[in-house]
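An overview of the molecular structure
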Amino acid sequence: MSAKTPGEELKEKLLYTPKNLSEKMTPEEKDAAEAFSVPYKEFLDRAKTEREAVAVMVEMLEGAGYRPFVPGTSYPAGSKVYLNNRGKALIASTIGTLDIGEGVRIEAAHIDNPRLDLKPNPLVEEQELCYLKTHYYGGIKKYQWTAIPLSLHGVVVKKDGSSVTVTIGEDPADPVFCVTDLLPHLGKDQMKKPMTEGITGEQLNILVGCELYPDEKVSERVKLNIMSLLNGKYGITEGDFQSAELCAVPAFRARDIGLDRGMIGAYGHDDRVCAYAQLMAEMGAKSPAHTTVTVFADKEEVGSDGVTGLHSHFLVDFIADLAQAGGKELRHVLRASACLSADVSVAYDPAFPDVTEKHNCAYLGYGPVLTKYTGGGGKSSTNDAPAEYVAFVEGLLEANGVTWQTGELGKVDQGGGGTVAKYVSHFNVDTVDMGVAVLSMHAPFEVISKADLYMTYKAMEAFYK
Ligand code: MN
Ligand code: MN
C-alpha cells in the first residue's frame, strides 16, 4: 500500500467529505442495520394513521414497562411513563438522573401522513357507481393517488360516545378501493393540462361499489346497498360519517427496494422513520442523565395546528408537570432543555437534479441530515438553529460514532418546507432539525435507505445518553 501524498493528507485534514455509509459502516453495523429494518417495516404496515401509530406504540411502551403519566407524581430516576393525547399524539419519557432544573432532552417526530380524508358527507352514487368523496390531507401530488389500491382506516364516533374502528384493505382477504383515472386513448385534453390540474381535488373520489340493492322501488340502490353493508358490519348510518375520521391510504405494504436490498419502499416514511428511530432510542434509555421527552405529534402535515399538533400546549404542559413535581419553574426548565426536531429531508434525486444544489443537499445513504434551517423564500418561517447549538449536537454525534450529513430542503427560492422545530423553539428550547433523507417524499410510496434508518437511530440514542 502506497503512503498518502502530502496533498491527500492535507485534503483529508482540511476539506469536508461526506461518506457513503455502505462503505463507512462495518459488516457488524450493516447486519445491525438490516436487523433494525425488519421490525420497522412491520411497524409501518401496522401504523398507517396517527391513531394506529399511537395504538401500536402504546402497546409497545406498555410491554416495555411504561405506565400512564400521573401529573403531581414525583417519579424516581429511571421511571418510564407515557402520555396519550386523545389517541392521536403521544409523549414517552424516561426520568433522568439529573435534577429537572437541568432541563429535558426532547426528540420530536410526527406520525401523521399525507392521505385522502373522507368528507363529512362522503357517500354518493353516480350512474350506479358508488363513491366516497374526499378532501386530501397534507401536501400531495393528486395524480399520484389515482389507479393504486387504497385501504380505508379510521374511527366513527357515535353520539352516545361509543366508537367503531375501521380498517378495510390491509388483510389480503379484504377488498381494496381506488380512484379511477382516464384511459390514455381519451386523455388528449387531460394530458395538455398542467399536472396540478390533470386530476383535481374534487376528482379524488374513491370507488366503493357497483351492485344494486334488490328493491326496484328505491332510488340510489348502489349507495343503499353499500350503506347496508356498512351498517351490517359496523352498525353505522350515513349521518355517523359527520363525526368520523376516516381516510384512504395506500394499501400496499413496506418492501425492500433494490437487488442489494439497501432501501425500503413504503407509505409514510415521513415521518414514521424518525418516529420509529426515536421510539427505539426512548425504549432503550435505561438511566439517562437528562429526562427524555419523546414526542409523537399529529397534524404536522397541515401546519401543526389543532389540539394534537405541536402548535398546541400539550408538550409544554407535560414539561410543566415535570417541573412542578421537581419544584422548578417551567421557564427555567425550558431554557435549559434541548430538542432534536426529527423529521425527514429531501434526498438528491438524479432524475430531478435542478431542484437541489449539489453542494448543499442530502444524499441517500449518507446518514441523518442535520438541517440548521428549513423554510423557504429567504429562510422564512423556520427555526434557524444557533451555531452554538448545531456545534453541540455535532459534537454529541461525533463522540458517539454517528455519521451524519447536512443539507438544505432544495435550492434557494425553489420552494421549501417546515417542521415542528419552530413550535418547540417558540418555548425557548434550543432546537435543530435532523432526520432521514427521502426519495419521492409525500408520494404514496416513499423510499429511504436502511443505513440511514439505522444511523438515525444511533443519533437518537446518542442524544439520550
Ligand atoms: Mn415530515
Ligand atoms: Mn411531510
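If you're wondering where the values come from, they're calculated on a predicted model, not measured in any experiment. (Residues numbered from 1 in each chain as written. Chains lettered and ligands numbered in written order. Predicted model: local features only at pLDDT ≥ 70, side-chain atom pairs only at ≥ 80, totals over all residues. Heavy atoms only, no water.)

Things to note about the sheet that holds strand S11 (residues 255-257)
In spatial order, the strands read S11-S12-S20; together these three strands make up an open sheet with antiparallel pairing. One side of each edge strand has no neighbouring strand; the edge strands of this open sheet are S11 and strand S20 (446-449). Ignoring which end each strand starts from, the neighbouring axes of this sheet average 35° apart. Each of S11, strand S12 (263-266) and S20 is contacted by helix H3 (residues 27-46), which is oriented at about 5° to S12, the strand it contacts most. Packed on one face of the sheet, helix H8 (residues 269-284) meets S12 and S20 and runs near 30° to S20. (Pairing = 2+ DSSP bridges. Helix = DSSP H or I, 4+ residues; strand = E, 2+ residues; numbered from the N terminus. Axes fitted to C-alpha atoms, helices over the stretch in contact; angles between N-to-C directions. Contact = heavy atoms within 4.5 Å.)

Digging into the coordination of the manganese ion (ligand 2)
At this site the manganese ion (ligand 2) is bound by Asp270 (OD), Glu301 (OE), Glu301 (OE) and His442 (NE2), with donor distances of 2.1 to 2.6 Å. Written as a sequence motif, the donor arrangement for the manganese ion (ligand 2) is D-x30-E-x140-H. (Donors = N, O, S within 2.8 Å, 3.2 Å for Na, K, Ca; no water.)

Structural notes on the sheet that holds strand S18 (residues 430-435)
Spatially, S1-S2-S3-S13-S4-S14-S18-S16-S17 is the arrangement adopted by the nine strands of the open sheet, whose pairing is mixed. Unpaired on one side and paired on the other, strand S1 (67-68) and strand S17 (405-406) mark the two borders of the sheet. Seen against the sheet, helix H4 (residues 50-63) touches S1, strand S2 (80-85), strand S3 (89-94) and strand S13 (291-297) and runs at an angle of roughly 20° to S3. Its contacts with the sheet put helix H11 (residues 387-399) on strand S4 (104-110), strand S14 (338-342), strand S16 (369-371) and S18, and the angle it makes with S18 is roughly 50°.

Describing empty space enclosed by the protein
The final tally for this structure, using the stated rule, is one cavity of 30 Å³ or more. Each pocket or cavity is described by its volume, and for the largest cavity that value is around 30 Å³. If you go around the largest cavity, the residues you meet are Asn113, Pro114, Trp145, Tyr267, Gly268, Asp270, His442, Ala443 and Glu446. Here the lining of the largest cavity is composed, by residue class, of four nonpolar, three polar and two charged. (1 Å grid on protein atoms, 1.4 Å probe; cavity = no way out; pocket = protein on both sides within 12 Å on 5 of 7 lines; lining within 4 Å. Points joined across faces, edges and corners; volume = space filled by probe spheres on them. Nonpolar A, V, L, I, M, F, W, Y, C, P; charged D, E, K, R; others polar.)

Some thoughts on unusual backbone geometry
For the bond from Asp270 to Asp271, the omega torsion is 10°, close enough to zero to count as cis. Positionally, Asp271 belongs in helix H8. A positive phi is found at Ala147, a non-glycine position, where the angle reads about 55°. Position of Ala147 among the secondary structure elements: in the loop between strand S6 (129-137) and strand S7 (150-157). Classification of Ala147 as exposed rests on a relative accessible area of 59%. Phi at Asn428 takes a positive value of approximately 70°, unusual for a residue other than glycine. We classify Asn428 as partly exposed; its relative accessible area is 44%. (Buried < 20%, exposed > 50% of the residue type's maximum accessible area, 1.4 Å probe, protein only.)

Purely geometric numbers; function is a separate question.
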